[in-house]
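Reading the structure
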Amino acid sequence: METKSILIGKLETILARVEDNAEKTRKIFQAGIGTQNQRIIDYAEGVNFGLEIARNEIKAEIEIIKQVHQ
């Protein structure tokens, strides 16, 4: 059970970093909108898409770990 808690803790730390990066990317996106810079907008959209995938995968792994080790 201790290993489960450690693993979940590490995944939650990674998830927090991903969410922090998503917030920074949203700010970059807003800057791109404000300046009408399509390259910035496209970049931020691509990064945000990747971060969303990572966020969903991490959350799914956390749930699997919780269910398997109950």
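Residues numbered from 1 in each chain as written. Predicted model: local features only at pLDDT ≥ 70, side-chain atom pairs only at ≥ 80, totals over all residues. Heavy atoms only, no water.

1. A word on helix α1 (residues 2-35)
Over its 34 residues, α1 runs 50 Å from end to end, which matches the ideal 50 Å to within 8%, given 1.5 Å per residue. When we look at burial in α1, the residues that qualify are Lys-4, Ile-8, Leu-11, Leu-15, Val-18, Ala-22, Thr-25 and Gly-32. In this structure, the buried residues of α1 make contact with α2 (38-68). Following α1 by one or two positions, Gln-36 has its phi on the positive side, about 60°. (Helix = DSSP H or I, 4+ residues; strand = E, 2+ residues; numbered from the N terminus. Expected span 1.5 Å × (residues − 1). Buried < 20%, exposed > 50% of the residue type's maximum accessible area, 1.4 Å probe, protein only. Contact = heavy atoms within 4.5 Å.)

2. Brief notes about α2
Residues separated by three or four positions in an α-helix point in the same direction, a consequence of the helix having 3.6 residues per turn. Taking 1.5 Å of rise per residue, 31 residues should cover 45 Å, and α2 covers 45 Å from first to last C-alpha, within 8% of that figure. Turning to α2, its buried residues are Ile-41, Ala-44, Leu-51, Arg-55, Ile-58, Ile-62 and Ile-65. Buried-residue contacts for α2 involve α1. Measuring from the backbone nitrogen of Arg-39 back to the side-chain oxygen at the start of α2 gives 3.1 Å, which picks out Asn-37 as the cap. (Polar contact = N/O pair within 3.5 Å; in protein donor to acceptor, adjacent residues only side chain to side chain.)

3. A look at the environment of Ile-40
By secondary structure assignment, the location of Ile-40 is in helix α2. Separated by eleven residues in sequence, Ile-40 and Phe-29 place their C-alpha atoms 6.6 Å apart. Residue contacts for Ile-40: discarding those within four places in its chain leaves Ile-28 and Gly-32.

Shape descriptors only; they carry no functional weight alone.
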